[in-house]
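# Examining the three-dimensional arrangement
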Amino acid sequence: MSTRTRGEASGTGTIPGVDEIADRHWRMLIGGELTDAASGATLDVVNPADTSTIARFPQGDAADVDAAVDAARAAAPGWAAMSITDRARVLGDFADAIEANGEELAWIDTMDYGSPVTMMRNDVRIAVGQLRYFAGLALQLRGETIPMADRNAMDFTLRDPFGVVGRIVPFNHPLMFAAARIAAPLLAGNSVVLKPAEATSLSALRLGELAAAVVPDGVLNVVTGLGGVAGDRLVTHPDVPRIAFTGSDVVGRGIQARAASAAVKKVTLELGGKNPLIVFADADLDEAADSAVRGMNFTWQGQSCGSTSRLLVHRSVYDRVVGEVGRRMDRIRMGDPRLPDTEMGPLASANQYRKVTGYIRAGLADPALELITGGKIPDGPGFFVPPTLFSAPSGATGPLFSEEIFGPVLVAAPFDSYDEAIAQANALPYGLTAAVWTTSLRTAMAAARDLRTGYLWVNSSAAHLPGTAFGGVKNSGVGREEGIEELLEYTQPKNVYLRF
Ligand code: NAD
């Protein structure tokens, strides 16, 4: 693995690096002001490619969250009173500001999160696209008219905002989630307090700086800090009636309980998955193997919620497909995420590294599992873990098949019949995404009917298409995002019965 430092990348001129990030004074955005934590406390930013500490940022706590909620509460009525087309214009300006600073944002995420800069540029594009998509939905935020028996009366619905939305996002895709997931609540007329993950907060702080110039004061606030402290205060704050959470199922379930302990709140949850990719014997096997690799999102080190991390293959083609997938995984270039030809970087944090390498050690020790590729953790520095494939020829059992690893670890097992494949796929308490590879329309349609999942690909994987609703069933979540459903989730219908 290369360890070239700042300015040494060939063909790209000087590349941004540690100094630009370390030299900055990173501050939160509260009520239009860039500010340190009231306590003065900070958290370290660790570069996952070499584990060095490269910056510090505010460790906000309950006092900072309270200040942000007060600011958001004060700003909410004025923001809601603006016409929706004016709010859409602000979102458009925000998208333009992110796009204009996209290169810097991509580099910040690369240094803080570890994914190749080529991938983080893509995340910036997706975020800008989502902001513009929601801005374009402005005139679709409509109520209904309900026919009345009394012809001198009519009944209709209005869609009111909640007021202050607490928006908590995970460590993966830091800029993308922070930017894209505030579009819908803002367009609907809510003000927002955004809490990014402590492992990857920098791009959200930069987003706050950009927002300070284009979003009215208090309408968007960014508070960084520990989940169990700043996040918990946001969840339990009595003036935050709407919580939108993206993260792990364990924390998500806790958030439902904590929110309920404070007040009746609307809580939507986008949680984890252990998503199956099923290859039937009639599939185009080469394309299915490509898709199994793409579905793992190795370019983000497998740290994507929709990753299809359980590969279920019909026994008659099992050895061939698993072999092809392993060969493709072998070819992935892992290395310095700043370099243009790197396809996969380090995991995001020491926590992730401990967790993922723990699963790999458990897999290597399990006699039921055969290592097809990967498994060897390079000597440091950096949280590098290679693409790893385990095969379970005698069946899908054990923690590697039932728990979300959220790293570059794929597990494969054979099945003998359609019913067995569906039963295996549905066996877990998760249901975020699934993929099916088959050339049979009948099998595809039956799987679409039978799989308990929120999002299904047939003869594809990984892709998110703008406007399609993303979200989970079972412990993978409640609520849908990325389409008009997300916008509607940030409103409350008010029924009006009007006699004239
Ligand atoms: P996490 O649950 O540990 O943390 C997510 C966020 O919640 C962070 O901002 C964290 O600071 C905050 N938090 C932690 N404890 C909290 C508490 N007690 N109260 C309030 N907030 C708290 O998740 P993570 O490790 O950052 O992210 C990975 C997980 O997110 C994976 O399970 C992944 O599948 C999931 N995810 C889901 C989606 C989706 O759309 N369904 C998208 C991305 C990630």
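What counts, and at which threshold
Every chain is numbered independently, its residues counted from 1 as its sequence is written. pLDDT decides what is reported in this predicted model: residues at 70 or higher carry local features, side-chain atom pairs at 80 or more are listed and counted, and totals for whole chains, interfaces and linings draw on all residues regardless. For side-chain calculations, the full set of non-hydrogen atoms in the structure is used, while hydrogens and water are omitted. Definition used in this section: a nonpolar core is a set of buried Ala, Val, Leu, Ile, Met, Phe, Trp, Tyr and Cys residues joined via side-chain atoms within 4.5 Å. Throughout, exposure labels follow a simple rule: accessible area from a 1.4 Å probe, protein chains only, divided by the maximum for the residue type, with under 20% read as buried, over 50% as exposed, and the rest as partly exposed. Runs of H or I in DSSP of at least four residues are treated as helices and runs of E of at least two as strands, each being numbered from the N terminus. By definition in these notes, contact holds between two residues if any of their heavy atoms fall within 4.5 Å. In this scheme, strands are said to pair when DSSP sees at least two bridges between them. Domains are outlined according to an automatic or database domain assignment. By definition, a salt bridge exists where a carboxyl oxygen of Asp or Glu is found within 4 Å of a side-chain nitrogen of Lys or Arg. Pairs of N or O atoms within 3.5 Å make up the polar contacts considered here, provided that, within protein, one atom can donate a hydrogen while the other can accept it, and that residues adjacent in sequence are counted only when both atoms are side-chain atoms. Residue classes follow a fixed rule: Ala, Val, Leu, Ile, Met, Phe, Trp, Tyr, Cys and Pro count as nonpolar, while Asp, Glu, Lys and Arg count as charged, and any other residue, Gly among them, counts as polar.

This part takes up the nonpolar core. Grouped together as the largest cluster of nonpolar side chains are 89 residues, with contacts concentrated most on Phe94, Ile98 and Leu194. Considering every element that reaches this core, the biggest residue donor is helix α5 (residues 117-136), with 8 residues. Here Ile98 is in contact with Leu105, Val124, Val128, Leu131, Ala179, Leu207 and Leu210, once residues within four sequence places are set aside. The next biggest cluster of nonpolar side chains, apart from the first, holds 30 residues, and it includes Ala292, Met329, Ile332 and Phe470.

Before going further, it helps to examine the sheet that holds strand β6 (residues 153-161). Spatially, β5-β6-β20 is the arrangement adopted by the 3 strands of the open sheet, whose pairing is antiparallel. Two strands in the sheet have a free side with no partner beyond their single neighbour: β5 (145-146) and β20 (491-499).

As assigned here, the protein comprises domain 1 (12-271 + 477-496) and domain 2 (276-466). On a C-alpha basis, the centres of domain 1 and domain 2 stand 30 Å from each other. Counting from both sides, the interface comprises 29 residues of domain 1 and, opposite them, 28 residues of domain 2. For the pair domain 1 and domain 2, the number of links is 0 salt bridges. At the boundary of domain 1 and domain 2, one finds 9 residue pairs in polar contact (both at pLDDT 80 or more). Residues of the side of domain 1 that touches domain 2, tallied by class, amount to 14 nonpolar, 8 polar and 7 charged.

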